[in-house]
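Survey of secondary and tertiary structure
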Amino acid sequence: MTRLFLVDPPEPGPAWAPFAGVRPLSELRAGAWLLRERWEAAIGRAASGLVAAHAEGFCDVDHPPAVSADQVTGPALVASATCVPAREPVRPGAGVRRLTVEDRTVAWVLAEGERWHGPHEEGPAQAIGGRTLSGAWELVDLLETLLPADCLEFTAAPADPLPSGAVVLGDPGRVVCLGAAVEPGVVFDVREGAVVLAEGAEVRAGARLTGPLFVGPGTVLLGGRIGRSSLGPACRVHGEVSDVVMTGYANKSHDGFVGHSVLGAWVNLGAGTITSNLKNTYGAVALDLPGGRLETGRQFLGSLIGDHAKTAIGTLFGTGTVVGAGASLFGERDVPRYVPPFAWGPGPERMALEGFLRMAGRVLPRRGVAFTPERERALRALHARHVR
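Quick caveat, the model's predicted, so the values are computed rather than measured.

**Quick look at the pairing of strand S21 (residues 241–246)**
For S21, the buried fraction is high: five of the six residues fall into the buried class. As paired elements, strand S19 (residues 224–231) and S21 share four bridges and run parallel to each other. By the bridge assignment, Gly227 is partnered in S21 with Ser242. Sheet analysis places S21 next to strand S23 (residues 258–263), joined by five bridges and oriented parallel. Bridging across to S23, Val245 finds its partner in Val262.

Pasting the structure below:
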């Protein structure tokens, strides 16, 4: 076995809104790591390609190439992007054709020269540790089940000395700075988990960081309370933030509570944007999607917000709101429980392609990402899939 490929369901379905048709599911964050990175760690090699027909032409930052299914040949392991493998080495035994998690096939072994023809249940199987995911809201579950151990792993490796002037509640060894800049007066509460600051991260005075918390490279924490979250690279974050997954390159620079939510890449939340994460009845949260109501079983669930979505100041999200990619919300404080991709304001209008491209051309360079012809083609394809 020499190559690793990540494969999405051909049609992920409503449960993966608002990321289906937007980005390969392997490029979503599960605990501190992307789903792809978890497979790479388990197999011990970088992925060679992503098979995600629903997000054809995807191009963002630092990912393997998107490939079609007929480009996948052995020797290789083809792994399901909706499976989270355990943090332990995966080595298929001789003659093994499939890997399973709880009797569900999650990966397939291709022999030399064999072509990938899709998922199957044929041949000998080998059980591995892990869990399968059925929808985007379960990424919030993983903050509870995976993030504590992910952050604790970092404490075993050498790190920078404790920042001068920091206040630590708990074991100082659970504050892990890996080339991050921390201003005096930051409070680290690590009694329930470690706080990990990756290279190039910055924390401004006035922040209270509660573990488990992973802060990706180049992300800047501007103050306020931020806890039990996984924040990808190059984000700007101001509390109050709790139990939040940020894929990367997102902006939440102002006051306003965001909790138990998943934010796609390049999301921008205007000042005072607030998510509700608990119903008045304290009951389980359901998602109202175009295909019908979908029960999540979660008592705490805020918003699922797709890539490139934007909100105006004072925007209010009800419990279990789903916002499609590219939506631009303004004009009304209260947002519907479901916002379609590329919504423009409160009405039925959709954002025009050229306006969307102009906005992206301004936004990406602000995080040091060039608006290349390849990225423009990817965004054109994204708009075409969702706006008819």
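**Regarding the sheet that holds strand S22 (residues 251–252)**
Spatial strand order, S13-S16-S18-S20-S22: five strands in an open sheet with parallel pairing. In the strand order of this sheet, the two ends are held by strand S13 (181–182) and S22, each with one partner. Note: strand S18 (residues 220–221) against strand S20 (residues 236–237), two bridges, orientation parallel. Directly across from Leu221, in S20, lies its bridge partner Val237.

**A closer look at the sheet that holds strand S4 (residues 49–51)**
The six strands are arranged S4-S1-S5-S8-S7-S9 in an open sheet whose pairing can be described as mixed. With partners counted over all chains shown, the strands left at the sheet margins are S4 and strand S9 (125–127), one partner each. With strand direction ignored, the average angle separating the axes of adjacent strands in the sheet is 25°. As judged from the four bridges shared by strand S5 (residues 76–80) and strand S8 (residues 104–110), these two strands associate in the antiparallel manner. Directly across from Val78, in S8, lies its bridge partner Trp108. Against the sheet, helix H1 (residues 35–43) engages strand S1 (3–7), S4, S5 and S8, with an angle of about 150° to S1.

What counts, and at which threshold
Residues numbered from 1 in each chain as written. Predicted model: local features only at pLDDT ≥ 70, side-chain atom pairs only at ≥ 80, totals over all residues. Heavy atoms only, no water. Buried < 20%, exposed > 50% of the residue type's maximum accessible area, 1.4 Å probe, protein only. Helix = DSSP H or I, 4+ residues; strand = E, 2+ residues; numbered from the N terminus. Pairing = 2+ DSSP bridges. Axes fitted to C-alpha atoms, helices over the stretch in contact; angles between N-to-C directions. Contact = heavy atoms within 4.5 Å.

Treat this as a map of the structure, not an account of what it does.
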